[in-house]
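Take a look at the letters that make up each chain.
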Amino acid sequence: MDMIYIKKSQILVLMIGCILVYILFKFWPWSSQTFTATNKIYYKSDAKEKLRATTEQTVEKDVKKKLYNIDVIITFSKAKDNRALQQKFEVTVDSMFKWATVPISLYIIGDDESKDLADRIIEGAAGKYNSKYTMVSLDVENLAKELHEIVKEMQPYFSYKPGAYYSDALFFLSMALHQVLPDSITNVIMLDADLKFNADIAKLYEEFYKFSDDNVMGIARENQPVYRHTFSLYRTRHHGTRVGDPPPNGLTGFNSGVLLLDLERMRSSERYNSLLTAASVKSLTTEFSFKGHLGDQDFFSLVSMAHENLFHILPCTWNRQLCEWWRDKGYQDVFDLYFKCEGHINIYHGNCNTALPVLDWEKV
């Protein structure tokens, strides 16, 4: 009897074992595939996350490396007997150093006496905020002559003085800076001398990383209907055109008080360099019935009407122009479409001798 019971138990165990083996072989492939697929998704996701983190770290390091020093150019010329210009320059550099978190290399474009003045002003401002900077000397005489050879045939289209002396070529410096500075200088911020910073210049430099593939420079729109007026003949002949229209969809034209110049891209851009010829400028001025008098910003504004992709549009907060000269010159109904600028103002621009505001940090 016991023997029979043992055999039945063995048979039962054997049957259960067979069932388990069957289940294992029946369902294991499905289970294995599911596990493998799930893990593939997991590991793929994990790899992406690790790659993203690594990329972010690399970019951050790259940004910090590139931001270790910022190259800044300011034109400061014929300043010895111009106290108003000296005061504007003092405000510009003082406010820049007040906020700056990275060292700055300053290139001052001007005559020797003006550069000596600038040196003293900069030294005082940097010392006030314990800022790190270097002054870089340029041979302005030779620089002007080089520029003159490049832009002399284009100057009549953007100047009141058709036969301008070569020193006046400095007003067109930004157009051809990539051709006269060493290749080792790649990204430059170029500033007017009538600005007041209300933010870190390193934040402005970060706009370089927002350039699209076609952009060679960053520049803010003109805050007045200047080019609505300048292109008025073209607008009359081309109803519905975007030329001269206000932001955000119009081709408003630019203000060159704050410029981000990617010199590497300017050097390598066939399209941009093809425009630096008298023939190209003549063709564009004829097409758009244009005659300017504001130097480089006229050139950039004219070019943007046909080649807008060359330009990264800086937010108005990085060049908040304060001049309202055109408000009562027949454009009252549209003036604020150009002039309004929302958000925290990072740089105030006292163009056309407009007074700069006293900011909260100055009242402390």
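About the cut-offs
- Residues numbered from 1 in each chain as written.
- Predicted model: local features only at pLDDT ≥ 70, side-chain atom pairs only at ≥ 80, totals over all residues.
- Heavy atoms only, no water.
- Pairing = 2+ DSSP bridges.
- Helix = DSSP H or I, 4+ residues; strand = E, 2+ residues; numbered from the N terminus.
- pLDDT = per-residue confidence, 0-100.
- Contact = heavy atoms within 4.5 Å.
- Polar contact = N/O pair within 3.5 Å; in protein donor to acceptor, adjacent residues only side chain to side chain.
- Buried < 20%, exposed > 50% of the residue type's maximum accessible area, 1.4 Å probe, protein only.
- Right-handed = clockwise from strand over helix to strand, strands pointing away.
- Expected span 1.5 Å × (residues − 1).
- Arc of directions from axis to C-beta.
- Axes fitted to C-alpha atoms, helices over the stretch in contact; angles between N-to-C directions.

**Let's talk about the sheet that holds strand S9 (residues 320-321)**
Logical step 1: Judged by pairing direction, the sheet is mixed, and its three strands sit side by side in the order S5-S10-S9 without closing on themselves. On the outer flanks of this sheet lie strand S5 (195-197) and S9, each paired with one strand and no other.
Logical step 2: In this structure, S5 lies alongside strand S10 (residues 347-349), joined through three bridges in antiparallel fashion. Considered in S10, the bridge of Leu-195 is made with His-349.

**Looking at the confidence of the model for the protein chain**
Logical step 1: A residue-level look at the protein chain finds 79% of positions with pLDDT of 70 or above and a mean pLDDT of 85.
Logical step 2: Low pLDDT (under 50) marks residues 2-6, which in the prediction has zero contacts with non-local residues, meaning those over four places away or in another chain.
Logical step 3: Low pLDDT, under 50, characterises residues 27-45; the predicted model gives this stretch two contacts beyond four residues in sequence or across chains.

**Description of unusual backbone geometry**
Logical step 1: Cis geometry marks the peptide bond from Pro-247 to Pro-248, where omega comes out at 0 degrees.
Logical step 2: Assignment of secondary structure puts Pro-248 in the loop between helix H8 (232-237) and strand S7 (254-262).
Logical step 3: Phi angles above zero are rare outside glycine, and Asn-130 is one such case at about 55 degrees.

**Remarks on the side chain of Ser-280**
Logical step 1: Note on placement: Ser-280 falls in helix H11 (residues 278-287).
Logical step 2: A polar side-chain atom of Ser-280 sits 2.9 Å from a polar atom in the side chain of Thr-277.
Logical step 3: When neighbours within four sequence positions are excluded, Ser-280 is seen to be in contact with Ser-274 and Leu-275.

**Comments concerning the pairing of strand S6 (residues 217-221)**
Regular strands place side chains that alternate from one sheet face to the opposite one.
Logical step 1: Of all five residues in S6, four are buried, a share of seventy percent or more.
Logical step 2: Pairing analysis gives four bridges linking S6 to strand S8 (residues 311-314), with the strands arranged parallel. Paired with Met-217 across the two strands is Phe-311, which belongs to S8.

**So, the pairing of strand S2 (residues 104-109)**
Logical step 1: Of all six residues that make up S2, six are buried, and the element is covered over most of its length.
Logical step 2: Of the two faces of S2, the one holding Ile-104, Leu-106 and Ile-108 and the one holding Ser-105, Tyr-107 and Ile-109 are both buried throughout.
Logical step 3: By the bridge criterion, six bridges tie strand S1 (residues 70-75) to S2 in an arrangement that is parallel. Residue pairing in the sheet places Asp-71 in a bridge with Ser-105 of S2.
Logical step 4: Handedness of the S1-helix H2 (residues 83-99)-S2 crossover: right-handed.
Logical step 5: Where S2 lies against strand S3 (residues 133-136), four bridges are found, and the strand directions are parallel. Bridge pairing links Tyr-107 to Val-136 in S3.
Logical step 6: Regarding topology, helix H3 (residues 112-129) serves as the crossover connection from S2 to the parallel S3, and that connection is right-handed.

**A word on H3**
Logical step 1: Between its first and last C-alpha atoms H3 spans 26 Å; for 18 residues at 1.5 Å apiece the expected length is 26 Å, and the two agree.
Logical step 2: Listed in full, the buried residues belonging to H3 are Ser-114, Lys-115, Leu-117, Ala-118, Ile-121, Ile-122, Ala-125 and Ala-126. Buried residues of H3, viewed axially, fall in a sector of 155 degrees; they line one side. Looking at H3, the residues exposed on the side facing more than 90 degrees away from the buried face are Asp-112, Arg-120, Glu-123 and Gly-127.

**Side note on the sheet that holds S1**
In sheet architecture, strand pairing relies on hydrogen bonds along the backbone and comes in two forms, parallel and antiparallel.
Logical step 1: The seven strands lie next to each other as S3-S2-S1-S4-S7-S6-S8, forming an open sheet whose pairing is mixed. One side of each edge strand has no neighbouring strand; the edge strands of this open sheet are S3 and S8. With direction set aside, neighbouring strand axes in the sheet form an average angle of 25 degrees.
Logical step 2: Strand direction decides the pairing type here: S1 and strand S4 (residues 187-191), joined by four bridges, are parallel. Within S4, the residue paired with Val-72 across the bridge is Ile-189.
Logical step 3: Helix-sheet contacts for H3 involve S2 and S3, and the interaxial angle to S3 is about 175 degrees.

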